[in-house]
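Topology and contacts: notes
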Amino acid sequence: MIDENNGDGEENATTPPGEGPEISTNLIPDLGSKGSILLRISIISTKILWITGRALVVGLLIVGTLITDKERQNRFRRWALLEGDRWIIVGLLVGAVFVLSLLLTLTNVIGVRESRFVTTMFSTIIAGLFSFVPIVISVNQLTVSRLFETPAGLRERIDSVHEFRVDLQKMIADEPVAPTDPALFLAQVVELVSDRAIALRQVVSDSHTGEGELLEDICRYTRMTRSHVEEMDDQLADANLSLIEVLLPMIGDTYSKNVNVARRLQKKYDDTLSDSAIDLLDDLQELSLSLDVLRQYFKAIYIQQELSNLSRLIAVSGTVAFVVSMFLVMLFATGDPSPHHPLVLQIGVSFGLSVAFAPLAILLSFMLRVATIAKQTAAPGAFLPKRETPEYVR
């Protein structure tokens, strides 16, 4: 034991002083700097994978819930097609493309280090972005075509709108001049329908107390009429409503059905109803037709405004997508721009793909609502096509 300890001591004694510490101090900073960079990259990659994994799990849970619950399916469809903020839907679509592409690049399903693949992909995207130009032109043609009309045609349209407002204004005794705001005007018409329905039920109950079937049919009709206008009145309570917020409560109601029910009641009880009850039924028919006309008129204004807005958004987003795609092509034109930082390239390519997808997401989001509104209000008047008002728009 003594010899071994002495040997060790001699070996340590023969080591040149300072040689060991110099070697360790030269190596530690070099290894530490590279290790810290790799550690940070691995931590960031782990966090991104964790976030994307949680997002996928939440998405799968939401999809599973929607598949199994019909009521939630209808609410989700109504939100996605009509009530939802279009920019939230655009953000969800663009964010989904970014997360999906980043996940595929991190798992090497998409090889962003292949410069030829990246340049070819974004060159194809640039070529595809030019297809949005005819779409923008077509949308502008649809919008601008309604503005070109002869002075006589314009005067006829303005006079017809004015005459319609005057006819309704005559029925509104408390307002000498009807408001020009769509929400306020519609609120007055809705209040007028509710007042006429209450008056009809009161008149019938006072003058036909002994006729149970008549009173029951009239009460059923007035409940049906008031139930919808009360829902509309609740949604029109807020001030400064946009046109789409005014139009949405009017979608899904079968105004022609209300008119037909009133006509059947008049025909069935023609010899029994009093003159005041018949006059109130006539007023309710006229008001139902007026609500249908208002719905069609507001729809035309909304679609014209929305298409104009859509053409501008597609032009701006398409230009941004073109510029971003062009810079990415130039960045990868000479090969892998940064082989030591693959995560930066993966994020950059994923960001470029999401930006390039943005014009299509905007087009899809806004056109879904325009097409849904056009479909649900496509048959004004006395006819109601089957399945015009599906369950999710009620």
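Presented here is a report on the structure given in the accompanying data block. (Residues numbered from 1 in each chain as written. Predicted model: local features only at pLDDT ≥ 70, side-chain atom pairs only at ≥ 80, totals over all residues. Heavy atoms only, no water.)

**Topic: the side chain of Ser194**
Inspection of the secondary structure puts Ser194 in helix H8 (residues 182-207). Contacts of Ser194, omitting those with residues within four sequence positions, involve Arg226 and Val229. (Helix = DSSP H or I, 4+ residues; strand = E, 2+ residues; numbered from the N terminus. Contact = heavy atoms within 4.5 Å.)

**Details of the pattern of salt bridges**
By the definition in use, this model includes 10 salt bridges. A salt bridge links Arg155 to Asp159; the nearest nitrogen and oxygen atoms lie 3.2 Å apart. With Arg155 and Asp159 both in helix H7 (residues 151-171), this residue pair falls 4 residues apart, about one helical turn. What makes Asp159 partly exposed here is its relative accessible area of 36%. Measuring nitrogen to oxygen at the nearest pair gives 3.2 Å for the salt bridge that ties Asp283 to Arg196. (Salt bridge = Lys/Arg side-chain N within 4 Å of Asp/Glu carboxyl O. Buried < 20%, exposed > 50% of the residue type's maximum accessible area, 1.4 Å probe, protein only.)

**Focus: a negative patch on the surface**
Among the surface-exposed residues, Glu191, Asp195, Glu231, Asp233 and Asp234 lie close enough to one another that they form a single negatively charged patch. Listed by contribution, the elements that provide at least two residues to the negative patch are H8 and helix H9 (212-235). By residue number, the principal contributor to the negative patch is H9, which donates 3 residues. In this structure, Asp195 sits in helix H8. (Patch = residues over 30% accessible without salt bridge, like charges linked within 9 Å, V, L, I, M, F, W, Y side chains within 5 Å. Areas by Shrake-Rupley, 256 points an atom, 1.4 Å probe, with all protein chains shown as cover. Lys, Arg positive; Asp, Glu negative; His and termini not counted. Charge placed at Lys NZ, Arg CZ, Asp CG, Glu CD.)

**Re H8**
If you check H8, its first and last C-alpha atoms are 37 Å apart, about what 26 residues at 1.5 Å a residue would give, namely 38 Å. Taking the backbone nitrogen of Ala183 as reference, a side-chain oxygen 3.1 Å away marks Asp181 as the first, capping residue of H8. (Expected span 1.5 Å × (residues − 1). Polar contact = N/O pair within 3.5 Å; in protein donor to acceptor, adjacent residues only side chain to side chain.)

**Here's the deal with helix H4 (residues 86-106)**
Its 21 residues give H4 an end-to-end C-alpha distance of 30 Å, which sits within 8% of 30 Å, the value for a rise of 1.5 Å per residue. Within H4, the full set of buried residues consists of Arg86, Ile89, Val90, Val94, Ser101, Leu102, Leu103 and Thr105. A distance of 3.1 Å separates the backbone nitrogen of Trp87 from a side-chain oxygen at the start of H4, and that oxygen is part of Asp85. One or two residues past the end of H4 sits Asn108, with phi positive at roughly 65°.

**A look at the environment of Leu307**
Its location among the elements puts Leu307 in helix H12 (residues 275-331). Expressed as a C-alpha distance, the spacing of Leu307 and Ser138, which sit 169 residues apart in the sequence, is 10.0 Å.

Note that every value here comes from positions in space, so none of it alone points to a role or purpose.
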